[in-house]
Each structure stands twice: as structure tokens, then as C-alpha cells.
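Descriptive structure summary
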Amino acid sequence: MSKLISIVLSGLILIQSFHLMAEDILQLDELLEHAQFHKEEYGDNFFVFLSKHYGELKLDHSKNHQEEQSEHEQLPFQYQGNCALIIAFFQCNSSSHFNPIEVLNITETNFHYFNLYASLHEEELLQPPRHS
């Protein structure tokens, strides 16, 4: 069971490292429909279609075909993410802000130990064989 959980979590981390979201997976059918539209309308193969929507030809294609803009917005992998992380580190040189900790030395103990088991060797009921 732990191996299965490890595999599932590893797969989840791998998918997230490619920035794939559930929305993108659900929009793959729209990608295929739009690719079929490009094949019928413009005679593009799948690689030219990818270049027009995700590669070098994207800028020219979006300028020349403004009427398809609403369809282009529905395609997967169209979002642009940005993550900003600000880390601040402040060093305080003054130690007057900290109260000293009092260490209490208590020598009085609050536990007792009782020998609650019996050993047969102490009773000498069972003796090992002796060498003569």
C-alpha cells in the first residue's frame, strides 16, 4: 500500500512539474477539434497546427485570424503563470529583547522501581550440568 501511495504522489509531482492542470486535460478534446478544423480549412498537419498555436507561427496566426480568437482562448495550455517569492531576513544584534531562562536544578525524584519479575536462576532450581 505504501508503494502505491508513493507512486501516486510521485506521478502527481511529475504532472505538476510540467504545469499540467485538470483544466488542460479536460480541454484536450477542444484541441483535437480545432486541429481537425485547421486540417479541413487550411490543410495543416498536426505539427503545423501546434506551431501556429504554440510555436513560432503563433503571432502571425493570431494577427491574421482574429475571428478564431474565441476558439483560441478555449485551447489548453494558454495560461501564463507567474510566481513571485520574497524572502526577508532581519538580523537583530541586540540581545536585550530576550528574557533569560531560569534553569531549575531539582534533585528530588518522583519515581520508584520495583523488581516485578522472577528468575529461576536465582532460585537455583535449574542447574546446568557440571564437569567432573
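Preceding block: the structure.
Read on for an overview of the structure. (Residues numbered from 1 in each chain as written. Predicted model: local features only at pLDDT ≥ 70, side-chain atom pairs only at ≥ 80, totals over all residues. Heavy atoms only, no water.)

1. Re the overall build of the chain
Defined as follows: Here a strand is any run of E in DSSP of at least two residues, a helix any run of H or I of at least four, and the numbering for each starts at the N terminus. Burial status follows relative accessibility: with a 1.4 Å probe on protein chains alone, a residue under 20% of its type maximum counts as buried, one over 50% as exposed, and anything between as partly exposed. Contact definition: two residues touch when any of their heavy atoms are within 4.5 Å.
Within the chain, the regular secondary structure consists of seven helices and zero strands. For the chain, the succession of helices and strands along the chain, N to C, is α-α-α-α-α-α-α. For the chain, the proportion of its 132 residues judged to be buried stands at 12%. Summarising the internal contacts of the chain: among those between residues at least 6 apart in sequence, 47% fall at separations of at least 24.

2. Points about the pattern of salt bridges
Where charged atoms of side chains with opposite charge meet at close range, the side chains can pair. Applied cut-off: We define a salt bridge as a contact between a side-chain nitrogen of Lys or Arg and a carboxyl oxygen of Asp or Glu at a distance within 4 Å.
By the definition in use, this model includes one salt bridge. Residues Asp-44 and Lys-52 are paired through a salt bridge, measuring 2.7 Å at the closest nitrogen-oxygen approach. The burial state of Asp-44 is the same as that of Lys-52; both residues are buried.

3. A few points about the packing of aromatic side chains
The test is simple: Between 30 and 60 degrees the pair is tilted, below 30 it is stacked and above 60 it is edge-to-face, where a pair is any two Phe, Tyr or Trp rings, Trp via its six-membered ring, whose centres lie within 6.5 Å. The criterion is that NZ of a Lys, or CZ of an Arg, lies within 6 Å of the ring centre and within 35 degrees of the ring normal, and then a charge sits over that ring.
All told, the structure shown has three aromatic pairs when counted by the stated rule. Seen in terms of ring centroids, Phe-37 and Tyr-42 are 6.3 Å apart; in terms of plane orientation they differ by 90 degrees. Their pairing is edge-to-face. Arranged with centres 6.4 Å apart and planes meeting at 65 degrees, the rings of Tyr-54 and Phe-77 form a pair that is edge-to-face. Taken together, the positions of Tyr-54 in helix 4 (residues 46-54) and Phe-77 in the loop between helix 6 (69-73) and helix 7 (120-123) put the pair 23 residues apart, joining distant regions of the chain. The residue whose ring lies beneath Lys-52 is Tyr-42, and the NZ or CZ to ring-centre distance is 5.1 Å.

4. So, a negative patch on the surface
Threshold: Any residue with relative accessible area above 30% and no salt bridge may belong to a patch, with like charges joined within 9 Å and the nonpolar Val, Leu, Ile, Met, Phe, Trp and Tyr side chains within 5 Å. Shrake-Rupley sampling with a 1.4 Å probe provides the accessible areas, and residues are treated as covered by the protein chains on show and by no other component. We score Asp and Glu as negative and Lys and Arg as positive, and we do not count His or the chain ends. The location of each charge is read from NZ of Lys, CZ of Arg, CG of Asp or CD of Glu.
Together, Glu-40, Glu-41, Glu-67 and Glu-71 make up a negatively charged patch on the protein surface. As for its placement among the helices and strands, Glu-67 is situated in the loop between helix 5 (58-64) and helix 6.

5. What about helix 4?
Put simply, the rule is: What the arc covers is the set of directions going from the helix axis to the C-beta atoms.
For helix 4, the complete set of buried residues consists of Phe-49, Lys-52 and His-53. Relative to the axis of helix 4, the buried residues are bounded by an arc of 85 degrees and lie together on one face. Along its buried surface, helix 4 packs onto helix 3 (28-41), helix 5 and helix 6.

6. Digging into helix 1 (residues 2-17)
Rules: Expected helix span is given by 1.5 Å per residue-to-residue step, counting one fewer step than there are residues.
Here helix 1 is 16 residues long and its end C-alpha atoms lie 22 Å apart, about the 22 Å a rise of 1.5 Å per residue gives. One or two steps after helix 1, the chain reaches His-19, where phi turns positive at roughly 60 degrees.

7. Observations concerning the side chain of His-61
You can see His-61 is positioned in helix 5. On the basis of relative accessible area, His-61 is assigned to the buried category, the value being 4%. For His-61, the residues in contact, after removing those within four places along its chain, are His-38, Lys-52, His-53, Glu-68 and His-72.

8. Digging into a nonpolar patch on the surface
Judged by side-chain polarity, Met-1, Leu-4, Ile-5, Val-8, Leu-9 and Leu-12 come together as a nonpolar surface patch covering roughly 620 Å² of accessible area. Mapped onto the secondary structure, Met-1 falls in the segment before helix 1. The exposure class assigned to Met-1 is exposed, which follows from its relative accessible area of 75%.

9. Some points on the side chain of His-34
Put simply, the rule reads: Pairs of N or O atoms are called polar contacts if they sit within 3.5 Å, as long as, within protein, a hydrogen donor faces a hydrogen acceptor (for residues adjacent in sequence, only side-chain-to-side-chain pairs).
Positionally, His-34 belongs in helix 3. A polar contact is formed between the side chain of His-34 and the side chain of Glu-71, at a distance of 3.1 Å.

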